[in-house]
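What follows is the residue order along each chain.
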Amino acid sequence: MNLAEHLKKKSTEEKITELIMLFSEQASVIRDEFVTSRGAADTKNVYGETQMALDKKADEILIDALKKSGLVRWIATEEQPDIIEVEGAKNQFGITIDPLDGSSLIDVNLAVGTIVGIYPGHVLEPGNTMPGALYILYGPLTTLTYTTGNGVHEFYLDKDGVFKLMEEDLTIPDGKLYAPGALRRDYMPYHKKFIEQLESEGYKLRFSGSFVADVHQILHKGGLFTYPAFKGKETGKLRHLFEGTPMGKMVFEAGGAVSNGKGNLLDVKPASVDERTPIYIGGKKEIALIESYVKR
Ligand code: AFP
């Protein structure tokens, strides 16, 4: 079954179907750029990070496609300083995009991905208002995983450029992997104790430097990804809107949870488009454990 047939089978609203299909059509276009747009672009994004040529290219491809389609009113991307408002848009949707998460891994040929959050209107709203989210992972296979609140479903791009069903109704299993961001020497005391407990229980380390790829692995194998608050940076590193809430929505819909350490990240309304957040994402058991450490 292909993606279009699956969206139909799940009785997905027409406007959301169009949007998911539009993103799916950009996957091959972005993938082709991996060969042609290699290297750094010599510019910095709003966070002061060096942009890779591919970061910029993927950003352009997605913004152009969305603007032409008129399917959304608001576009926020990690590479743009301001939210774009599309004049004459057919729908009121707001979209958040991390065009290429993990892009510093492109030059060493590890998996990176595109992360998309869909909002009913403006994007500065809590993640629990999202009707859907998706991510495209460029690994040995190119895969697209989506949710519209009716299960989490994964597809692979076949040789004819069509996304075919790989796994339906994904649920996060019990597992013992942990992917811990930040330097150990900068851990907060509660976080240090939490990580030590996971280690004493035999959790195995898996951290690639690509959030989307690491969370994808946790979604399939269980456990937890974290990029916590750390000494000198109480807000953590990852972006609430571009990384936290869309991947949080995916994991939540697969039976897991996402937290900023104090509570459900999906309940938090971000104050600005570039807001960062501490993040814990994975199995419910692990999320309950860190929240209990933070309270102690
Ligand atoms: P890039 O997109 O700039 O490579 O950043 C990736 C990222 O935001 C996230 O995908 C990783 O989990 C995290 O940064 C890795 O951060 P460290 O380099 O501090 O481990």
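Conventions and cut-offs
Residues numbered from 1 in each chain as written. Predicted model: local features only at pLDDT ≥ 70, side-chain atom pairs only at ≥ 80, totals over all residues. Heavy atoms only, no water. Axes fitted to C-alpha atoms, helices over the stretch in contact; angles between N-to-C directions. Helix = DSSP H or I, 4+ residues; strand = E, 2+ residues; numbered from the N terminus. Left-handed = near helix turned anticlockwise from the far one by under 90°. Contact = heavy atoms within 4.5 Å. Nonpolar A, V, L, I, M, F, W, Y, C, P; charged D, E, K, R; others polar. 1 Å grid on protein atoms, 1.4 Å probe; cavity = no way out; pocket = protein on both sides within 12 Å on 5 of 7 lines; lining within 4 Å. Points joined across faces, edges and corners; volume = space filled by probe spheres on them. Domains from an automatic or database assignment. Buried area = accessible area lost by both parts, 1.4 Å probe. Salt bridge = Lys/Arg side-chain N within 4 Å of Asp/Glu carboxyl O. Polar contact = N/O pair within 3.5 Å; in protein donor to acceptor, adjacent residues only side chain to side chain. Near = heavy atom within 4 Å. Areas by Shrake-Rupley, 256 points an atom, 1.4 Å probe, with all protein chains shown as cover. Buried < 20%, exposed > 50% of the residue type's maximum accessible area, 1.4 Å probe, protein only.

A. The arrangement of the packing of helix α4 (residues 189–200) against helix α7 (residues 284–295) in detail. Here α4 crosses α7 at 145°, and the two axes come no closer than 9 Å. Here α4 and α7 pass one another in a crossing that is right-handed. Contacts between α4 and α7 pair Y190, K193, F194, Q197 and L198 from the former with E286, L289, I290, Y293 and V294 from the latter. Of the residues belonging to the contact of α4 with α7, the class tally is seven nonpolar, one polar and two charged.

B. Expanded view of the layout of surface pockets. If you add up the space inside the largest pocket, you get close to 400 Å³. Surrounding the largest pocket, 24 residues form its lining, G102, S103, S104, K237 and R239 being those nearest its centre. Listed by contribution, the elements that provide at least two residues to the lining of the largest pocket are β2 (50–52), β5 (94–101), α5 (211–221) and β13 (224–227). A per-element tally of the lining of the largest pocket places β5 first, with three residues. Domain assignment of the residues forming the lining of the largest pocket places at least three in each of domain 1 (3–167) and domain 2 (177–295).

C. The arrangement of the domain arrangement of the chain in detail. Here the chain is partitioned into domain 1 (3–167) and domain 2 (177–295). Distance from the C-alpha centre of domain 1 to the C-alpha centre of domain 2: 22 Å. At the interface, 41 residues of domain 1 touch 31 residues of domain 2. By the criterion of area lost to domain 2, the three top residues of domain 1 are Y47, L124 and Y135, representing 22% of everything that side buries. Between E78 and R239 there is a salt bridge, with its nearest N and O atoms 3.9 Å apart. Linking domain 1 with domain 2 are 13 residue pairs in polar contact (both at pLDDT 80 or more).

D. Structural context of the site of the ligand. Taken together, 15 residues are adjacent to the ligand, and D101, G102, F211, Y227 and K237 come closest. In the model, an oxygen atom of the ligand is placed 2.9 Å from a nitrogen or oxygen of the K237 side chain. Take E243: an N or O atom from its side chain is 3.0 Å from an oxygen atom of the ligand. In the complex, 78% of the free accessible area of the ligand, which totals 490 Å², lies under the protein chains.

E. Local environment of helix α6 (residues 240–253). Most of α6 sits out of view: twelve of its 14 residues are buried. Buried within α6 are the following residues: H240, L241, F242, E243, G244, T245, P246, M247, G248, K249, M250 and V251. Positioned one or two residues after α6, G255 has a phi angle of 95°, which is positive.

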